[in-house]
Amino acid sequence: MMIIIVGPDCSGKSTLAKQLSAQTGYPIQHRSKPKDQAEKDAMMAMYRDLAVTGADVILDRAWYCEMVYGDIMRDKSYISMGQMYELEYLVSNNGGGIVIHCTDETNKLWDRCMERGEEYIQDYETLAAIKHMYEWLMHSVPHTLPVVRYTINENLS
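Summary of the structure given here. (Residues numbered from 1 in each chain as written. Predicted model: local features only at pLDDT ≥ 70, side-chain atom pairs only at ≥ 80, totals over all residues. Heavy atoms only, no water.)

Another point: the overall build of the chain. Looking only at helices and strands, the chain features 6 helices and 5 strands. Against the 2.2 N^0.38 benchmark of 15 Å for 157 residues, the chain shows a C-alpha radius of gyration of 15 Å, consistent with a compact globule. Expressed as a percentage of its 157 residues, the buried residues of the chain come to 48%. On the chain, roughly 7,800 Å² of surface is accessible, and the fraction owed to carbon and sulfur atoms is 51%. Positive and negative charge centroids in the chain, built from 15 and 22 side chains respectively, lie 2 Å apart. (Helix = DSSP H or I, 4+ residues; strand = E, 2+ residues; numbered from the N terminus. Rg over C-alpha atoms; globule rule 2.2 N^0.38 Å. Buried < 20%, exposed > 50% of the residue type's maximum accessible area, 1.4 Å probe, protein only. Areas by Shrake-Rupley, 256 points an atom, 1.4 Å probe, with all protein chains shown as cover. Lys, Arg positive; Asp, Glu negative; His and termini not counted. Charge placed at Lys NZ, Arg CZ, Asp CG, Glu CD.)

Have a look at this one:
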């Protein structure tokens, strides 16, 4: 079973991943943006390998994150809709999975970014665009995996 956790910066992805890992015993795989074609190829190979093996794993960020951040931060994602559906199909047919979309109000996300000294997201408008793109990708585009929305509880540590 693959648990895929996605969402904008400061939405509680890593906190949720750690809690789910403690409860399930599943290892956490964390990805960040690929820097070049070799890293892109390695990223896609890792996603395909995990999907084909039906690994019990928690992905703290996944291909959906690349689709959102790539489009907004670099004007182009390294992952296409076709590749997204290919990966979803592989997950669905090899152990299954679920996507957890972590989110919150934009002003709360921004406040958390400022508190932790986030350097990647430079302004409120960019964060708002990322949040909006996630809403569209996760809840307007059809998926073969179930997608649930999760708002972090302020009391989680």
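In this section: the packing of aromatic side chains. Evaluated as defined, the whole model comprises 5 aromatic pairs. Note on Trp 63 and Tyr 64: the rings are 5.2 Å apart at their centroids and 40° apart in plane angle, and the pair reads as tilted. The buried category is assigned to Trp 63, whose relative accessible area is 0%. Three or more aromatic residues link up through ring pairs in this structure, and these residues are Tyr 47, Trp 63 and Tyr 64. Positioned above the aromatic ring of Tyr 69 is the side chain of Arg 61, whose terminal nitrogen or guanidinium carbon lies 5.0 Å from the ring centre. (Phe/Tyr/Trp six-rings, centres within 6.5 Å; stacked < 30°, edge-to-face > 60°. Lys NZ or Arg CZ within 6 Å of the ring centre and 35° of its normal.)

Pairing in this open sheet of 5 strands is parallel, and the strands run S2-S3-S1-S4-S5 from one edge to the other. Edge positions in the open sheet fall to strand S2 (28-30) and strand S5 (147-151), since each of these has one partner strand only. The average undirected angle you get between the axes of adjacent strands in this sheet is 25°. In this sheet, strand S3 (residues 57-60) lies alongside S2 in parallel orientation, the contact comprising 3 bridges. The residue bridging His 30 from the neighbouring strand is Asp 60, located in S3. Against the sheet, helix H2 (residues 37-53) touches strand S1 (2-6), S2 and S3, its axis set at about 150° to S3. (Pairing = 2+ DSSP bridges. Axes fitted to C-alpha atoms, helices over the stretch in contact; angles between N-to-C directions. Contact = heavy atoms within 4.5 Å.)

Looking now at the pairing of S3. Every second residue of S3 is oriented toward a common face, with Val 57 and Leu 59 on one face and Ile 58 and Asp 60 on the other, all of them buried. Where S1 lies against S3, 4 bridges are found, and the strand directions are parallel. Directly across from Ile 3, in S3, lies its bridge partner Ile 58. This β-α-β element, S2 to H2 to S3, shows right-handed connectivity. (Right-handed = clockwise from strand over helix to strand, strands pointing away.)

Glancing now at unusual backbone geometry. Most peptide bonds take the trans configuration, and most residues that are not glycine carry a negative phi. For Cys 10, which is not glycine, the phi torsion reads 65° and is therefore positive. For Cys 10, the location among the structural elements is in the loop between S1 and helix H1 (13-24). We classify Cys 10 as buried; its relative accessible area is 8%. Even without glycine at this site, Asp 75 takes up a positive phi of about 65°. For Asp 75, a relative accessible area of 70% gives the class exposed.

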